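# Examining the three-dimensional arrangement
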Amino acid sequence: MIINLNNKNKLNLCIIVFTITSILITSYIFYNSFQKADDSNKRSDKIVEHIKPIVDPEEKIDKEDFTKYTRKAAHVIEFAMLGISVGIVFVCIYIKTRRLYISLALLLVLFVGVVDEFIQNFNDRASSVKDVLIDFSGSCGGLLIVAIIMILSTHIKHRKMANKL
């Protein structure tokens, strides 16, 4: 998907829409962290009941291990979505200002991961540095996806311009 955002109004709209999207994703992440351990486990168990027969039809993976990995994968996916959304905001800011704020984007998603784990301490749930690293890895993956798309779209744009000459 190649996005032409040369128009300042489109850039402002992009920044607003994806900032709101980032806030909504962060709210969803925090909402999940505020859930009691029993409620969170029940939700995970329901999901595992649906996907385990598809992913592991021969029952080779222990259900407890499968549940643990499914929960970790959910965190990676949530934070990858956050990374993509935050990445798009910062790409729009870069196009508008020609200033690259990579470290700010990384600090922002890391902060969300740390707060996510901190919230879990108040709901009788375990929190760990390992989980923060898993969350941060998902965010970095999302940011990387955005960076790759932008690099490829810039490369394609330059090739098209070179071919016109």
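Please read all numbers here as calculations on a predicted model, not as lab measurements.

This part covers the state of the cysteines. The full count for this structure, using the stated rule, is one disulfide. Disulfide pairing is shown between cysteine 14 and cysteine 92; the S-S distance is 2.2 Å. Every disulfide takes its handedness from the sign of the S-S torsion; for cysteine 14 and cysteine 92 that torsion is 55°, giving right-handed. Taken together, the positions of cysteine 14 in helix H1 (residues 8-33) and cysteine 92 in helix H3 (residues 63-97) put the pair 78 residues apart, joining distant regions of the chain. Each member of the pair, cysteine 14 as well as cysteine 92, is classed as buried.

Once that is clear, we can look at the packing of helix H2 (residues 37-55) against H3. In the contact formed by H2 and H3, the axes pass within 9 Å of each other and the chain directions differ by 105°. With respect to H3, the element H2 is oriented roughly perpendicular. Contact residues: H2 offers Ser40, Asn41, Ser44, Asp45, Ile47, Val48, Ile51, Lys52 and Val55, while H3 offers Lys63, Phe66, Thr67, Thr70 and Arg71. Considering only residue class, the contact of H2 with H3 consists of five nonpolar, five polar and four charged.

A word on the nonpolar core. Membership of the largest hydrophobic core is limited to twelve residues, which are Ile25, Ile29, Phe30, Phe79, Leu82, Val86, Phe90, Ala105, Val109, Val112, Ile119 and Leu143. Among the secondary structure elements, those contributing two or more residues to this core are H1, H3 and helix H4 (102-120). Setting aside its immediate chain neighbours within four residues, phenylalanine 30 contacts Val112, Val115, Asp116 and Ile119. Counting residues in each nonpolar core, the second largest holds five residues, with Leu11, Ile15, Val89 and Cys92 among its members.

Let us look at the packing of H1 against H3. Two elements in contact, H1 and H3, have axes whose closest approach is 9 Å; the angle formed by their N-to-C orientations is 155°. Put simply, H1 runs roughly antiparallel to H3. Relative to H3, H1 is oriented so that their crossing is left-handed. A class-by-class count of the residues in the contact of H1 with H3 yields 16 nonpolar, seven polar and two charged.

On to the side chain of threonine 67. You can see threonine 67 is positioned in helix H3. Reaching out from threonine 67, the side chain makes a polar contact with the backbone oxygen of lysine 63 at a distance of 2.8 Å.

A cluster of nonpolar side chains, namely Ile47, Ile51, Ile54 and Val55, defines an oily patch on the protein surface of about 380 Å² accessible area. Along the chain, isoleucine 51 turns up in helix H2. By relative accessible area, isoleucine 51 is classed as partly exposed at 31%.

Quick look at the packing of aromatic side chains now. Taken as a whole, this structure holds one aromatic pair when the rule is applied. When the ring of phenylalanine 118 is compared with that of phenylalanine 122, the centres are 5.1 Å apart and the planes differ by 80°; the resulting orientation is edge-to-face. Directly above the aromatic system of phenylalanine 66 lies the positively charged group of lysine 52, at a separation of 5.6 Å from the ring centroid. The ring of tyrosine 94 is capped by arginine 98, whose NZ or CZ atom sits 5.3 Å from the centre of that ring.

What counts and what doesn't
- Residues numbered from 1 in each chain as written.
- Predicted model: local features only at pLDDT ≥ 70, side-chain atom pairs only at ≥ 80, totals over all residues.
- Heavy atoms only, no water.
- Disulfide = S-S within 2.5 Å.
- Helix = DSSP H or I, 4+ residues; strand = E, 2+ residues; numbered from the N terminus.
- Buried < 20%, exposed > 50% of the residue type's maximum accessible area, 1.4 Å probe, protein only.
- Axes fitted to C-alpha atoms, helices over the stretch in contact; angles between N-to-C directions.
- Parallel < 35°, antiparallel > 145°, perpendicular 65-115°, else oblique.
- Contact = heavy atoms within 4.5 Å.
- Nonpolar A, V, L, I, M, F, W, Y, C, P; charged D, E, K, R; others polar.
- Core = buried A, V, L, I, M, F, W, Y, C linked by side-chain atoms within 4.5 Å.
- Left-handed = near helix turned anticlockwise from the far one by under 90°.
- Polar contact = N/O pair within 3.5 Å; in protein donor to acceptor, adjacent residues only side chain to side chain.
- Patch = residues over 30% accessible without salt bridge, like charges linked within 9 Å, V, L, I, M, F, W, Y side chains within 5 Å.
- Areas by Shrake-Rupley, 256 points an atom, 1.4 Å probe, with all protein chains shown as cover.
- Salt bridge = Lys/Arg side-chain N within 4 Å of Asp/Glu carboxyl O.
- Phe/Tyr/Trp six-rings, centres within 6.5 Å; stacked < 30°, edge-to-face > 60°.
- Lys NZ or Arg CZ within 6 Å of the ring centre and 35° of its normal.

Shape is all these values report; function is a separate question.
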